[in-house]
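Overview (structure and organization)
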Amino acid sequence: MPEPTASEAPETFYDAAKAPWRGTLDLKPIKSFAADLARWQRGAECWDAAHGRPRRVLVPPLTGDAGDPLDHRVSVEQRAGALAAMAAADRLRILLCTDRPAVLLNRGTDWVWSDWPAHVGLMIRVRTEGGIALACDAIAAMREAVALPWAGLLVTPHTHARAMALPEGAAIDWLVLQGDIGPRGRARGMASALARSLRDAAAGAGVPFYFAGWGTVAPCRVVATVDRYGQPAYGGRWSGRPDKTLLEAPDGTEVAIDGGRPPVSPLDNEVMVALGRRRAGRLLDGREHTALPAALSPSRRAVA
């Protein structure tokens, strides 16, 4: 793993599949999960001295499996073991992520800590604008019930909407946006206008914004459609079906698609292309957005 920089998100993902923003607290690896936290807790002093900050650990849910501590399929013993392991690792900065805000609204602190640990933050994963509103309500309810150190939203859009907004007065400390990282052919692309709308909404609310990447499918701007001779396909010396459509990826590199002109959004001249996570990258309007909340800033050596 490369050496983390000050602007990076959590460098340690408890994840059997090794995929960022996904993880599991399944019954089988729960012992390994607790052992990992205990090991990182023992080595916290060395980590702090080497990096100038505590280790950040993201514990995200795994959709479709009993991987969310707030999932009803997780047993009482399994949930208690996961919560106890996180509470004991007070030298780490843990991000507990759930995609079940309704459970927080309905059950309150029944399934989590009544005395919330000061080193654990809450993140709620949402996919639609309605989910954002529900998650903000759940965070507000949790802040009334417990002393929640900080809370944020992990937005992974599964929608063709071109804009999302934050509710007025949303009491969140961080907004993370991550494109769909599903398998090839099934991942949904995220319009650049949607990413800009959430970035601008976070800036307007004074909330740190972190763009984790476009996912496996990225919006590419159409540059030209050329024929087999490299000439403009329409009006050039070749009037047959165009051989290539030239696109510009988010990082500015050129992408060529064989065949006819693909379906293009008429509003922003974009087409969704499966580039893979690495090539799609993390650039939005030519730059990375890596803002962190105060609780995770490199200069914060201890929890207040």
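Described below are features of the structure shown in this document. Everything quoted here is computed from the prediction, not taken from an experiment.

So, the overall build of the protein chain
What the protein chain contains, in helices and strands, is seven helices and eleven strands. By the burial criterion, 49% of the 304 residues in the protein chain qualify as buried. Put simply, of all contacts in the protein chain between residues at least 6 apart along the chain, 70% involve residues at least 24 apart.

A word on the nonpolar core
By size, the foremost hydrophobic cluster in this structure holds 60 residues, and its most contacted members are Leu37, Met86 and Leu153. By residue number, the principal contributor to this core is helix 5 (residues 129-145), which donates six residues. Excluding its chain neighbours within four sequence positions, the residues that come into contact with leucine 153 are Met123, Ile124, Ile132, Ala135, Cys136, Ile139, Leu166, Ile172, Trp174, Leu175 and Val176. If you look at the next biggest cluster of nonpolar residues, it comprises 13 residues, including Trp174, Val176, Ala295 and Leu296.

Observations regarding helix 6 (residues 192-205)
Over its 14 residues, helix 6 extends 20 Å from the first C-alpha to the last, a length consistent with the 20 Å expected when each residue adds 1.5 Å. Those residues of helix 6 not exposed but buried are Ser192, Ala193, Leu194, Ala195, Ser197, Leu198, Arg199 and Ala202. If you follow the buried residues of helix 6, they end up packed against helix 5, strand 5 (151-155), strand 6 (174-178), strand 7 (209-213), strand 8 (217-226) and strand 11 (270-274).

With respect to the pairing of strand 3 (residues 93-98)
Most of strand 3 is tucked away: six of the six residues are buried. Both faces of strand 3 are covered, namely the face carrying Arg93, Leu95 and Cys97 and the face carrying Ile94, Leu96 and Thr98. Note that strand 2 (residues 56-59) and strand 3 share four bridges and pair parallel. Bridge pairing links valine 57 to isoleucine 94 in strand 3. The sheet contact formed by strand 3 and strand 4 (residues 120-126) spans five bridges and is parallel. Residue pairing in the sheet places cysteine 97 in a bridge with methionine 123 of strand 4. Handedness of the crossover joining strand 3 and strand 4 through helix 4 (residues 101-107) is recorded here as right-handed.

Remarks on the pairing of strand 7
Most of strand 7 sits inside the fold, with five of its five residues counted as buried. Here strand 6 runs beside strand 7; their pairing, made up of four bridges, is parallel. Bridge assignment links leucine 177 to a residue of strand 7, and that residue is phenylalanine 211.

Some words on the packing of aromatic side chains
In this structure the tally under the stated criterion is four aromatic pairs. Ring centres 6.2 Å apart and planes at 65° place the aromatic pair tryptophan 150 and tryptophan 174 in the edge-to-face group. You can see tryptophan 150 sitting in the loop between helix 5 and strand 5 and its partner tryptophan 174 sitting in strand 6, a full 24 residues away along the chain. The exposure class of tryptophan 150 is buried, given its relative accessible area of 6%. A residue is classified by how much of its surface remains accessible, and tryptophan 174, at 0% relative accessible area, is buried. Seen in terms of ring centroids, tryptophan 174 and tyrosine 210 are 5.9 Å apart; in terms of plane orientation they differ by 75°. Their pairing is edge-to-face. Within this pair, whereas tryptophan 174 is found in strand 6, its partner tyrosine 210 is found in strand 7, the two being separated by 36 residues in sequence. Accessibility assignment for this pair places tryptophan 174 and tyrosine 210 in one class, buried. Aromatic ring contacts, followed pair by pair, group Trp150, Trp174 and Tyr210 into a single cluster.

Re the sheet that holds strand 8
On the basis of which strands lie adjacent, the open sheet formed by four strands has the order 10-9-8-11 and antiparallel pairing. Only two strands of the sheet have a single partner each, and these edge strands are strand 10 (254-258) and strand 11. The average angle at which neighbouring strand axes cross in this sheet is 45°, direction not considered. By the bridge criterion, five bridges tie strand 9 (residues 244-248) to strand 10 in an arrangement that is antiparallel. Counterpart to leucine 247 in the pairing with strand 10 is valine 255.

Thoughts on the pattern of salt bridges
According to the stated counting rule, one finds nine salt bridges in the structure shown. Across the pair arginine 125 and aspartate 99 runs a salt bridge whose closest N-O atoms are separated by 2.9 Å. Here the residue arginine 125 occupies a position in strand 4, and aspartate 99 occupies one in the loop between strand 3 and helix 4, the gap between them amounting to 26 residues. Residue arginine 125 is classed as buried on the basis of its relative accessible area, which comes to 9%. The partner of arginine 143 in a salt bridge is aspartate 173, with the nearest N and O atoms 2.6 Å apart. Of the two residues, arginine 143 is situated in helix 5 and aspartate 173 in the loop between strand 5 and strand 6; the sequence distance between them amounts to 30 residues. Arginine 143 sits in the partly exposed class, given a relative accessible area of 28%. Because the salt bridges share partners, they merge into one network encompassing Arg196, Arg199, Asp200 and Asp285.

About the thresholds
Residues numbered from 1 in each chain as written. Predicted model: local features only at pLDDT ≥ 70, side-chain atom pairs only at ≥ 80, totals over all residues. Heavy atoms only, no water. Helix = DSSP H or I, 4+ residues; strand = E, 2+ residues; numbered from the N terminus. Buried < 20%, exposed > 50% of the residue type's maximum accessible area, 1.4 Å probe, protein only. Contact = heavy atoms within 4.5 Å. Core = buried A, V, L, I, M, F, W, Y, C linked by side-chain atoms within 4.5 Å. Expected span 1.5 Å × (residues − 1). Pairing = 2+ DSSP bridges. Right-handed = clockwise from strand over helix to strand, strands pointing away. Phe/Tyr/Trp six-rings, centres within 6.5 Å; stacked < 30°, edge-to-face > 60°. Axes fitted to C-alpha atoms, helices over the stretch in contact; angles between N-to-C directions. Salt bridge = Lys/Arg side-chain N within 4 Å of Asp/Glu carboxyl O.

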